[in-house]
Amino acid sequence: MPAVHHKLLLEDALQDSPQTRSLLSVFEEDAGTLTDYTNQLLQSMQRVFGAQSEMGLATQQLSQQLLDYEKKNFAMGKGDEEVITTLQKFARTVEELNALHTDLANQMADSMVFPLIQFREKDLTEISTLREIFGIATDEHEASMVKYSRLPKKKENEKVKVDLVKEVAYTRRKQHQASMQYYCALNALQYRKRVAMLEPMLGYTQAQVKFYKKGMELVTKKMDTFLSSVSNMTHNIQAQLDSEAEAMRMSQRELLSVEDTVYMPDKDDDPVSRSLIQKSGYLNIRNKTGLVTTAWDRLYFFTQGGNLMCQPRGAVAGGMVLDLDNSSVMAVECEDRRYCFQITSPTGKTSMILQAESKKEYEEWICTVNNISRQIYLTENPEAVAIRLNQTALQAVTPITSFEKRQEGSPNPDRAKPGGVHCSAGDAPGPGASLEPEDLIAPGTPIQFDIVLPASEFQDQNRTGGRRTNPFGETDDDSSSESDDSLLQQVFAVRFLGSMAVRCGDNQEVIYEVMRQVLAARAIHNIFRTTESHLMVTSSCLKLIDPQTQVTRIHFQLGEVLQFAAHQENGRLMGLVVEDPDWSQGDQEGAPPSYSAFVFESNTEGEKICFTINLAKEIVEAKKDPEALAELMKSMPLTNDEINHRYMEEICRSSARNGNDFHVNVKLSLLNILLCTHCLT
């Protein structure tokens, strides 16, 4: 260790020469620099100690986080058992390392930070204090010397002189003592600073060596085999990752090598699949935001069983939007948007309008909903059933716009194909018999979607009498015998959906099958426009009247209507089966009759129309039997006030129509009251 070459001599303290003062200033400058450096060094050492303490806390938290991996229950955590076991071993190792880090932090505090703090607080603070005392003593000595120097020459006061001499001696002794203490402290500081610089670093290094020795023992004894197995595991995982990454890069290049038409929304060249029973994809749904304002939201829709589901972005699972069983779907025009279609619930109370991205998606969604609505998904082989039914629907759809075109073709498919089955009075199947669709309707039977009168027929109706039919049964005169004889006239607003020839006239299942085929054909061919007409039900006939021109578009005698029924789920749909000898080869002796089924959609419930037709048929029967008329009257509940109010009016009207037979007039009048009242309610 080199010796200290410079020091302050205590012998020079009493003289306090300028040379001594100059050397003292050098020592004081050195002490000031040492103080600044010590403060900076202490900050660095405190930072190291703080980092080591934080390291202990961090390793403790790390150990806890490794143990919490098992408790997270990751959704994709299947197969992580080996990883969980390995992390638990690492957690125990980190916990042991945490104990080592904590011990290291304590050793740093004792052997590194504390010695330097003690040096600063003891030695450097002592130097600063002695410097202040030395300065005060020097100032007092200088003041006493100034007083002593002012003693006069002539008149000397011995007492004053003695006092000043004592004062000078006291201040000089005080300065001498302070300077010697100050010089000794400065000389000792040259040695203490070297110890203060080396001792903390020695403690720090010894603590680190001890830490590393304990860590080495831990790794050597317990961790060699474990770390080797973990290293092999990570290498295997990395190899799998590299292989998977290469496969994904190849797949990405292959997917990006397609033509730009793949990214275009309406450039799908693949054929439309009409036999789907499941479908998913994004659709725009129209939502009402006010009385007259709407907004479109793009959501993800998918079918699940017989339900239409919707899953918004960010949602964990989808929710049911609509039950598709027995629902109806058809294309619609909405707000000048393309590819819109509407799904309506069986009751007609719930409906939604959706928009597809492309024509292919649009047609597939319509076909899928239509297939699900028929509950095909519940069959053993739903795909095969869907293919067969869609092929039948495609063959059946041949739009005809006039009765003339229908008369030119083969109206009776039974005669068109040998072996065709038709129902007559003798061999009609019973109501409980289950018939296949081919037994009810011949495959390939054309469907008529509109009723357009030929020009000649329209002109004939206008020429004959120049009189149009009033939908409410009111006439300008009483010249019409048909109007006079009708006890019932009820008008319903309906829309004609379609008609087709059928093989059977007295089985109600044929009506439901015609409804299914007509709705399927409209959905497949996007035929959604319908014209509103007035269906007039009287006690003698049924008329479909154009509400604008008042021209009768189609006319059936009541006896020709064989079957009529409303849809089992969608109450707004109703259909009827009629026998028309004009369409069959009735002039040929022994030729079987021809049957046709018509489907209508009403603004009210189809059951009301069916009930009215049934009442009309009962009126016809009641006219033949007065007793039946009386029983019909009893079956209609009316209050006494209602009967008395209408009773006299109807008697007067019936008397004019039926002559003077009072009993007949009373019965018919009451019957008309009851029928009209029930229809109105």
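Everything here concerns the structure above.
Thresholds, definitions, all that
- Residues numbered from 1 in each chain as written.
- Predicted model: local features only at pLDDT ≥ 70, side-chain atom pairs only at ≥ 80, totals over all residues.
- Heavy atoms only, no water.
- Pairing = 2+ DSSP bridges.
- Helix = DSSP H or I, 4+ residues; strand = E, 2+ residues; numbered from the N terminus.
- Contact = heavy atoms within 4.5 Å.
- Expected span 1.5 Å × (residues − 1).
- Buried < 20%, exposed > 50% of the residue type's maximum accessible area, 1.4 Å probe, protein only.
- Salt bridge = Lys/Arg side-chain N within 4 Å of Asp/Glu carboxyl O.
- Axes fitted to C-alpha atoms, helices over the stretch in contact; angles between N-to-C directions.
- Phe/Tyr/Trp six-rings, centres within 6.5 Å; stacked < 30°, edge-to-face > 60°.
- Lys NZ or Arg CZ within 6 Å of the ring centre and 35° of its normal.
- Disulfide = S-S within 2.5 Å.
- Patch = residues over 30% accessible without salt bridge, like charges linked within 9 Å, V, L, I, M, F, W, Y side chains within 5 Å.
- Areas by Shrake-Rupley, 256 points an atom, 1.4 Å probe, with all protein chains shown as cover.
- Lys, Arg positive; Asp, Glu negative; His and termini not counted.
- Charge placed at Lys NZ, Arg CZ, Asp CG, Glu CD.
- Core = buried A, V, L, I, M, F, W, Y, C linked by side-chain atoms within 4.5 Å.

Trainee: What's the story with the pairing of strand β1 (residues 280-288) in this structure? I'm lost.
Mentor: On a regular strand, each side chain points to the face opposite its neighbour's, so the side chains alternate between the two faces of the sheet. Pairing between β1 and strand β2 (residues 294-304): 9 bridges, direction antiparallel. The residue of β2 that forms the bridge with Asn287 is Ala295. The turn joining β1 and β2, which pair antiparallel and follow one another in sequence, is formed by 5 residues. Sheet topology note: the β1/strand β7 (residues 351-355) ladder contains 2 bridges and is antiparallel. Counted as the bridge partner of Ile285 is Leu354 from β7.

Trainee: Any chance you could explain the environment of Gly306 here in plain terms?
Mentor: If you trace the backbone, Gly306 turns up in the loop between β2 and β3 (307-311). Aside from chain neighbours lying at most four places away, what touches Gly306 is Leu322, Asp323, Leu324, Asp325, Ile372 and Tyr377.

Trainee: Got a minute to help me understand helix α4 (residues 359-373) in this structure?
Mentor: Between the first and last C-alpha of α4 there are 21 Å, a value that for 15 residues agrees with the 21 Å anticipated at 1.5 Å per step. Counting buried positions along α4 yields 13 of 15 residues, so the element is predominantly enclosed. After α4 finishes, the residue Gln375 shows a positive phi value of roughly 60°.

Trainee: Just to check I follow, could you spell out the pattern of salt bridges for this structure?
Mentor: Summed over all chains, the structure comprises 21 salt bridges. A salt bridge links Glu121 to Arg120, with the shortest nitrogen-to-oxygen separation between them at 3.1 Å. The exposure class assigned to Arg120 is partly exposed, which follows from its relative accessible area of 24%. As a salt-bridge pair, Lys279 and Glu361 come within 3.1 Å of each other at their nearest N and O atoms. Placement of Lys279 in the loop between α3 (158-256) and β1 and of Glu361 in helix α4 is noted, with a sequence separation of 82 residues between them. Given a relative accessible area of 10%, Lys279 falls into the buried group. Assessed through its relative accessible area of 22%, Glu361 is described here as partly exposed. Through salt bridges with shared partners, a single network forms among Lys279, Lys360, Glu361 and Glu364.

Trainee: I keep staring at the sheet that holds β1 and nothing clicks. Help me out?
Mentor: Within a sheet, each strand pairs with its neighbour through backbone hydrogen bonds, oriented either parallel or antiparallel. Taken together, 7 strands build an open sheet; the order of strands is β4-β3-β2-β1-β7-β6-β5 and the sheet is antiparallel. The open sheet has two free edges, formed respectively by β4 (319-323) and β5 (328-331), since each of these has just one partner strand. Strand-to-strand twist of the sheet, defined as the mean angle between neighbouring strand axes without regard to direction, takes the value 40°. Relative to β3, β2 runs antiparallel, the two being bridged by 5 bridges. Paired with Phe302 across the bridge in β3 is Met309.

Trainee: How do you make sense of unusual backbone geometry when you look at a structure like this?
Mentor: Backbone geometry follows two general trends: most residues other than glycine have a negative phi, and most peptide bonds adopt the trans configuration. For Asn73, which is not glycine, the phi dihedral falls at a positive 55°. By the element assignment, Asn73 lies in the loop between α1 (18-68) and α2 (81-149). Despite not being glycine, Tyr339 shows a phi value in the positive range, around 55°. Among the structural elements, Tyr339 can be located in the loop between β5 and β6 (340-344). Look at Tyr339 and you get buried, because its relative accessible area is 15%.

Trainee: I'm lost on the packing of aromatic side chains in this one. Help?
Mentor: Following the criterion strictly, the structure yields 11 aromatic pairs and no others. Ring plane angle 50° and centroid distance 6.2 Å describe the contact between Phe496 and Phe598, whose orientation is recorded as tilted. Within this pair, whereas Phe496 is found in strand β10 (residues 489-502), its partner Phe598 is found in strand β16 (residues 595-602), the two being separated by 102 residues in sequence. The exposure class assigned to Phe598 is buried, which follows from its relative accessible area of 1%. By way of ring pairs, the aromatic residues Phe496, Phe556, Phe598 and Phe600 are connected into one cluster. Between Arg298 and the ring centre of Tyr282, over which it is positioned, the NZ or CZ distance is 4.3 Å.

Trainee: Any chance you could explain the state of the cysteines here in plain terms?
Mentor: In a disulfide, the sulfur atoms of two cysteines are held together by a covalent bond. Across all of its chains, the model carries 0 disulfides by this definition. You can see Cys334 has no disulfide; the closest cysteine sulfur is in Cys340, sitting 5.2 Å from it. Among the residues examined, Cys340 registers a relative accessible area of 1% and is labelled buried.

Trainee: It is not clear to me how a negative patch on the surface should be interpreted in this structure. Could you clarify?
Mentor: On the surface, Glu259, Asp260, Asp269 and Asp270 cluster together into a negatively charged patch. Inspection of the secondary structure puts Asp260 in the loop between α3 and β1.

Trainee: When you look at the nonpolar core in this model, what are you seeing that I'm missing?
Mentor: Most often, soluble globular proteins have nonpolar side chains that are buried together. Counting residues in each nonpolar core, the largest one holds 31 residues, and the members touching the most others are Leu24, Phe119, Ile127, Tyr182, Leu186, Leu189 and Met197. Looking at this core, the elements that each hand over two or more residues are α1, α2 and α3. Among the elements that make up this core, the one with the highest residue count is α2 (12 residues). In this structure, Val537, Ile554, Val561 and Val578 belong to the second largest nonpolar core, which totals 26 residues.

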